[in-house]
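Descriptive structure summary
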Amino acid sequence: MSKHECGHGHNHGCECEGHTSCVSLVPIFNHLEAEQMAEITEAVQSDSYKKGEVIYRAGDQSDSLYIVRSGKIRVYRLSESGKEQLVRFLSPGDFTGEHALFSESVHESYAEAVENTEVCQITRTDLQKFLLKYPSISLKILTEFSSRLEKSEKQTTRVSTEKVETRLALFLAECIDKEEASMEFVLPMSKRDLASFLGTTPETISRKLTEFEDAGYIRQKAHRKIEVIDLDELLLV
């Protein structure tokens, strides 16, 4: 079976329709016409990763864009001392490896499957061809880059200027789905990853969540579920 028929990958169990869902799912492509998406679909390769498997490591050659079809990926960096710093979580429709679009380079971070995950890949050569053919893709990518930069700058400012409880309170507030009436949500990451993301320790995260609960701001439930009881007071901490 050729690459253009269904692609070769880490696991050959992915079906061709998975490529279609990848292309139609990711925001940088889903605005295209059906014929244009079908053309991109032919260039996609599929890979499956089990929970805990590494998709790429720092130092690996960066030559493809990775799109999450299903599952979840954590992207993190390691300091010289070996301390882990969480960069972002990727959910279906998100992508990583974007630096490969512009130049030959190596990855500066690690990408690991948080759960069983299916990923679609497009090589730099193929994607550059599509960027020239369909300029609207470039605009979508620039929009995503701008959003990521804004989030990164906001996160850096919080870690350097705000106390831990404020960082945590703001994070919890942002987890609330504004389009849903419910004030309950599932923490999108483990306390260990949350601690890395907020620049503190898992013990501190646990302690602060308990303090928030004792104060009546939140209620902790099973399976990482959190219910916000008093959002206004939570945002004042």
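Here is what the cut-offs are and how they apply
- Residues numbered from 1 in each chain as written.
- Predicted model: local features only at pLDDT ≥ 70, side-chain atom pairs only at ≥ 80, totals over all residues.
- Heavy atoms only, no water.
- Phe/Tyr/Trp six-rings, centres within 6.5 Å; stacked < 30°, edge-to-face > 60°.
- Helix = DSSP H or I, 4+ residues; strand = E, 2+ residues; numbered from the N terminus.
- Buried < 20%, exposed > 50% of the residue type's maximum accessible area, 1.4 Å probe, protein only.
- Salt bridge = Lys/Arg side-chain N within 4 Å of Asp/Glu carboxyl O.
- Pairing = 2+ DSSP bridges.
- Axes fitted to C-alpha atoms, helices over the stretch in contact; angles between N-to-C directions.
- 1 Å grid on protein atoms, 1.4 Å probe; cavity = no way out; pocket = protein on both sides within 12 Å on 5 of 7 lines; lining within 4 Å.
- Points joined across faces, edges and corners; volume = space filled by probe spheres on them.
- Contact = heavy atoms within 4.5 Å.
- Domains from an automatic or database assignment.
- Buried area = accessible area lost by both parts, 1.4 Å probe.
- Nonpolar A, V, L, I, M, F, W, Y, C, P; charged D, E, K, R; others polar.
- Expected span 1.5 Å × (residues − 1).

Under an unreviewed UniProt entry, the name given to the chain is cAMP-binding protein, and the organism recorded is Desulfitobacterium dehalogenans.

Looking now at the packing of aromatic side chains. The tally for this structure, following the rule as stated, stands at four aromatic pairs. Considering the side-chain rings of Tyr56 and Tyr66, the 5.3 Å spacing of their centres and the 45° angle between planes classify their relative orientation as tilted. Here Tyr56 is found in strand β2 (residues 54-56), whereas its partner Tyr66 is found in strand β4 (residues 64-70), with 10 residues between them in sequence. Of the two residues, Tyr56 and Tyr66, neither departs from the other in class, the shared state being buried.

Our focus in this paragraph is the pattern of salt bridges. Counted according to the given criterion, the structure contains 14 salt bridges. The salt bridge partner of Arg219 is Glu227, with a shortest N-O separation of 2.9 Å. Judged by its relative accessible area of 41%, Arg219 is partly exposed.

The next thing to look at is the sheet that holds strand β12 (residues 218-220). Remark on secondary structure: sheet strands pair via backbone hydrogen bonds, oriented parallel or antiparallel. One open sheet accounts for three strands, arranged β11-β13-β12; its pairing is antiparallel. The strands lining the two open edges of the sheet, one partner per strand, are β11 (184-186) and β12. Across the sheet, the mean angle from the axis of one strand to that of its neighbour is 25°, orientation sign disregarded. Here β11 pairs with strand β13 (residues 225-228) via three bridges, running antiparallel. Of the residues in β13, the one forming a bridge with Glu184 is Glu227.

Another aspect to go through is the layout of surface pockets. Empty space among the atoms becomes apparent when a probe as large as a water molecule is rolled across them. Within this model, the largest pocket holds a volume of roughly 1600 Å³. The wall of the largest pocket is formed by 43 residues, among which Val87, Arg88, Phe89, Lys151 and Phe197 lie closest to the centre. Where the lining of the largest pocket is concerned, the elements lending two or more residues are β5 (73-78), β6 (84-90), β8 (105-106), α4 (135-161), α5 (164-175) and α6 (191-198). Among the elements that line the lining of the largest pocket, the one with the most residues is α4, at 12 residues.

Our next topic: the side chain of Asp193. Within the secondary structure, Asp193 sits in helix α6. Beyond its immediate sequence surroundings of up to four residues, Asp193 is in contact with Arg74, Glu84, Leu86 and Phe89.

Turning our eyes to something else, we now look at the domain arrangement of the chain. In terms of domains, the chain is made up of domain 1 (22-146) and domain 2 (161-235). Between the C-alpha centres of domain 1 and domain 2 the distance comes to 29 Å. Taken together, the contacts link seven residues of domain 1 with six residues of domain 2. Around 590 Å² of area is buried between domain 1 and domain 2 when both sides are counted, 41% of it from carbon and sulfur atoms. Here domain 1 is connected to domain 2 by two salt bridges. When the shortest N-O distance is used, the salt bridge between Asp193 and Arg74 registers 2.6 Å. Top contributing element to the side of domain 1 that touches domain 2 by residue count: β6, with five residues. Of the residues assigned to the side of domain 1 that touches domain 2, the class counts are three nonpolar, one polar and three charged.

The next point concerns α4. Spanning 27 residues, α4 covers 39 Å between terminal C-alpha atoms, matching the ideal 39 Å at 1.5 Å per step. Listing the buried residues of α4 in full gives Ile137, Ile141, Arg148, Gln155 and Arg158. Buried residues belonging to α4 abut α2 (34-41), β6, β7 (95-96), α3 (124-133), α5 and α6.

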